[in-house]
Amino acid sequence: MAARTFGPEREAEPAKEARVVGSELVDTYTVYIIQVTDGSHEWTVKHRYSDFHDLHEKLVAERKIDKNLLPPKKIIGKNSRSLVEKREKDLEVYLQKLLAAFPGVTPRVLAHFLHFHFYEINGITAALAEELFEKGEQLLGAGEVFAIGPLQLYAVTEQLQQGKPTCASGDAKTDLGHILDFTCRLKYLKVSGTEGPFGTSNIQEQLLPFDLSIFKSLHQVEISHCDAKHIRGLVASKPTLATLSVRFSATSMKEVLVPEASEFDEWEPEGTALEGPVTAVIPTWQALTTLDLSHNSISEIDESVKLIPKIEFLDLSHNGLLVVDNLQHLYNLVHLDLSYNKLSSLEGLHTKLGNIKTLNLAGNLLESLSGLHKLYSLVNLDLRDNRIEQMEEVRSIGSLPCLEHVSLLNNPLSIIPDYRTKVLAQFGERASEVCLDDTVTTEKELDTVEVLKAIQKAKEVKSKLSNPEKRGGEDSRLSAAPCIRPSSSPPTVAPASASLPQPILSNQGILGDE
């Protein structure tokens, strides 16, 4: 199903059609199946004869239509096949005459009967406007998240493109102005599409284009199951947006952060020293501190990260990343989730993650931890579901002075006998400060660690005595600077930004809980 396109050059709206395409017996009455067509959009509605009768009574009263237009009611043999087939044809003629009688604005009662408020542009925007007329101020005052579907946003976008009067129906409650007033002031927005056709229609909601530039004050946006390539106007929220989540929607970071990049050969973020030919200078996301791009089809961390210099929380889990790149531009990054990607190497990671405190690398293809040995500010590290076999690999993180929480579950080394104590022994004097696999270290484990350390020390002394040439090299190894923290301080946890209302976040949070 091809979506209608943005832009002023569009064909006139096609006439709407309604056909009775069949019927079915439900309990003791017949339900008629109506197929409604509006351009390329189609949907089905089901009604029994009494619904038609109620509709007719209201139209006779409100719009003075002919009383005899509706096929008469039959009592005897009402469910016989011949009567039902004749009634199907008569009811279809009835609906077609009604639509022809009201070519402009469809009467509200008829529009609801045909489910225009679910599937048709004018009906959708009228229903949304009325909802916001009644509840908009309450929603804004409570600071709640406003959830809306791509089809509703598409309908509003189309209405604005058409340039029609904002209140074509004459009902002040359905004036488009109620929507625009609300969107200008809304702070928390959630846009959730559906997989597959929407409702009883052929509308692929996740493929519809829509424009978010009508929102002027957004602080937080959650988007899921949409096509990022068809989302316009999100960049208009750069001055205010602090939290952005785009999931099940994108194939690249550029699609979300710099959609205009495709228009330019070379671009640089605003505020950088320009070197060489640059065809565009693009403003940064100056307020954005939290970005969730998990559960997408992103294969690389591209240069668009230059446009999010204030990011503190970044979730790129459940994508297809092969390498860690470009994160050196994120000087404020402290919490990073790269879990469930395709990472196999961490070499040089410290050159890109200087101030990182929480790092989730679960569910990758890691066999070596050598790239982690200089992440001196690291507090929380998740390495579960990888391919780490050798206990020697743990030595790369054993000397990290601030590390408090480590998970190595579901790695080959986790089935080694005395796995926990052997891992804890790699942390030397800090073994008691480390929580392994979400389990607090016991006194018995610490006693065993002391024995292992003594055995290891004896081996080292024996090795030095038997091989004096290595003694100098062993003695000269530099240990990392200690992590300075008052003894009474609690363990470091991820700070919640005071500007971000916590109830807004999804059940899983912005950064990767499993």
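If you check an unreviewed UniProt entry, the protein appears there as Nischarin from Macaca fascicularis.

1. So, helix H6 (residues 150-162)
Across its 13 residues, H6 extends 18 Å between first and last C-alpha, which sits within 8% of the 18 Å expected from 1.5 Å per residue. Restricting attention to buried positions, one finds in H6 the residues Pro150, Leu151, Leu153, Tyr154, Ala155, Val156, Thr157, Glu158 and Gln159.

2. With respect to the packing of aromatic side chains
Taken as a whole and judged by the stated rule, the model has seven aromatic pairs. Here Phe52 and Phe113 contribute two aromatic rings whose centre-to-centre distance is 5.0 Å and whose plane-to-plane angle is 70 degrees, an arrangement assigned as edge-to-face. Here the residue Phe52 occupies a position in helix H1 (residues 49-63), and Phe113 occupies one in helix H3 (residues 108-113), the gap between them amounting to 61 residues. Of the residues examined, Phe113 reaches a relative accessible area of 6% and is grouped as buried. Residues Tyr119 and Phe198 carry aromatic rings whose centres are separated by 5.8 Å and whose planes lie at 70 degrees to one another, so their mutual orientation is edge-to-face. Here Tyr119, found in helix H4 (residues 116-119), pairs with Phe198, found in the loop between strand E5 (188-192) and strand E6 (210-211); they are 79 residues apart in sequence, far enough to count as distant. Here a set of aromatic residues connected by ring pairs shows up, and it is made of Trp43, Phe116, Phe118, Tyr119 and Phe198. Between the NZ or CZ atom of Arg48 and the centre of the ring of Tyr29, over which it lies, the distance is 3.7 Å.

3. A closer look at the sheet that holds strand E9 (residues 243-247)
Taken together, eleven strands build an open sheet; the order of strands is E4-E5-E7-E9-E12-E13-E14-E15-E16-E17-E18 and the sheet is parallel. Single-partner strands in this sheet number two, and they are strand E4 (146-148) and strand E18 (435-436). As defined by bridge partners, strand E17 (residues 405-407) adjoins E18 across two bridges and the pair is classed as parallel. Paired with His405 across the strands is Cys435, a residue of E18.

4. Digging into the pairing of E5
Sheet analysis places E4 next to E5, joined by three bridges and oriented parallel. Residue pairing for E5: Phe146 is matched across the bridge by Leu189. As defined by bridge partners, E5 adjoins strand E7 (residues 220-224) across five bridges and the pair is classed as parallel. Pairing of Tyr188 across the sheet is with Gln220, part of E7.

5. Thoughts on the pattern of salt bridges
Taken as a whole and judged by the stated rule, the model has 16 salt bridges. The partner of Glu130 in a salt bridge is Arg108, and the shortest N-O contact between them spans 2.8 Å. Here Glu130, found in helix H5 (residues 121-142), pairs with Arg108, found in helix H3; they are 22 residues apart in sequence, far enough to count as distant. Ionic pairing is found between Asp382 and Arg384, a salt bridge with its closest N-O pair at 2.9 Å. Accessibility expressed as a relative area gives 11% for Asp382, which makes it buried. In this structure Arg384 comes out as buried when scored by relative accessible area, which is 17%. Where salt bridges share partners, they join Arg81, Glu85 and Glu88 into one cluster.

6. A look at the sheet that holds strand E3 (residues 41-48)
The three strands lie next to each other as E1-E2-E3, forming an open sheet whose pairing is antiparallel. Since the sheet does not close on itself, it has two edges, and those belong to strand E1 (17-26) and E3, each with one partner. Adjacent strand axes in the sheet meet at a mean angle of 25 degrees when their direction is disregarded. Pairing geometry for E1 and strand E2 (residues 29-38), over nine bridges, is antiparallel. Bridge pairing links Gly22 to Ile33 in E2. Contacts from H1 reach E2 and E3 within the one sheet, and its direction differs from that of E3 by about 100 degrees.

7. Notes on the nonpolar core
If you look at the biggest cluster of nonpolar residues, it comprises 89 residues, and the most contacted ones within it are Leu359, Leu361, Leu372, Leu383, Ile397 and Leu408. Here this core spans two domains, and each of domain 2 (123-249) and domain 3 (343-461) adds at least three residues to it. Dropping the residues within four chain positions of it, Leu361 is found in contact with Leu338, Ser339, Leu343, Leu346, Leu366, Leu372, Leu381, Asp382, Leu383 and Asn386. Within the second largest apolar cluster, 35 residues are counted, among which are Val45, Ile65, Leu91 and Ile121.

8. Quick look at the packing of H5 against H6
Packed helix pairs are characterised by how far apart their axes lie and by the angle those axes make with each other. Contact geometry of H5 with H6 gives a least axis separation of 9 Å together with a crossing angle of 105 degrees. Accordingly, the angle class assigned to the pair H5 and H6 is roughly perpendicular. Taken together, the residues of H6 that come into contact with H5 (itself represented by Ile121, Asn122, Ile124, Thr125 and Leu128) are Leu151, Gln152, Tyr154, Ala155, Val156, Glu158, Gln159 and Gln162. Among the residues making up the contact of H5 with H6, the classes are represented as seven nonpolar, five polar and one charged.

9. Re the side chain of Asn364
Its place among the elements puts Asn364 in the loop between strand E15 (358-360) and strand E16 (380-382). Judged by its relative accessible area of 4%, Asn364 is buried. At 3.2 Å, the side chain of Asn364 and the backbone nitrogen of Asn341 are in polar contact. A polar atom in the side chain of Asn364 sits 3.3 Å from the backbone oxygen of Ala362.

10. Digging into the pairing of E7
Of all five residues in E7, five are buried, a share of seventy percent or more. Covered by surrounding structure in E7 are Gln220, Glu222 and Ser224 together with Val221 and Ile223, the residues of both alternating faces. Where E7 lies against E9, five bridges are found, and the strand directions are parallel. Paired with Glu222 across the two strands is Ser245, which belongs to E9.

Conventions we followed
Residues numbered from 1 in each chain as written. Predicted model: local features only at pLDDT ≥ 70, side-chain atom pairs only at ≥ 80, totals over all residues. Heavy atoms only, no water. Helix = DSSP H or I, 4+ residues; strand = E, 2+ residues; numbered from the N terminus. Expected span 1.5 Å × (residues − 1). Buried < 20%, exposed > 50% of the residue type's maximum accessible area, 1.4 Å probe, protein only. Phe/Tyr/Trp six-rings, centres within 6.5 Å; stacked < 30°, edge-to-face > 60°. Lys NZ or Arg CZ within 6 Å of the ring centre and 35° of its normal. Pairing = 2+ DSSP bridges. Salt bridge = Lys/Arg side-chain N within 4 Å of Asp/Glu carboxyl O. Axes fitted to C-alpha atoms, helices over the stretch in contact; angles between N-to-C directions. Contact = heavy atoms within 4.5 Å. Core = buried A, V, L, I, M, F, W, Y, C linked by side-chain atoms within 4.5 Å. Domains from an automatic or database assignment. Parallel < 35°, antiparallel > 145°, perpendicular 65-115°, else oblique. Nonpolar A, V, L, I, M, F, W, Y, C, P; charged D, E, K, R; others polar. Polar contact = N/O pair within 3.5 Å; in protein donor to acceptor, adjacent residues only side chain to side chain.

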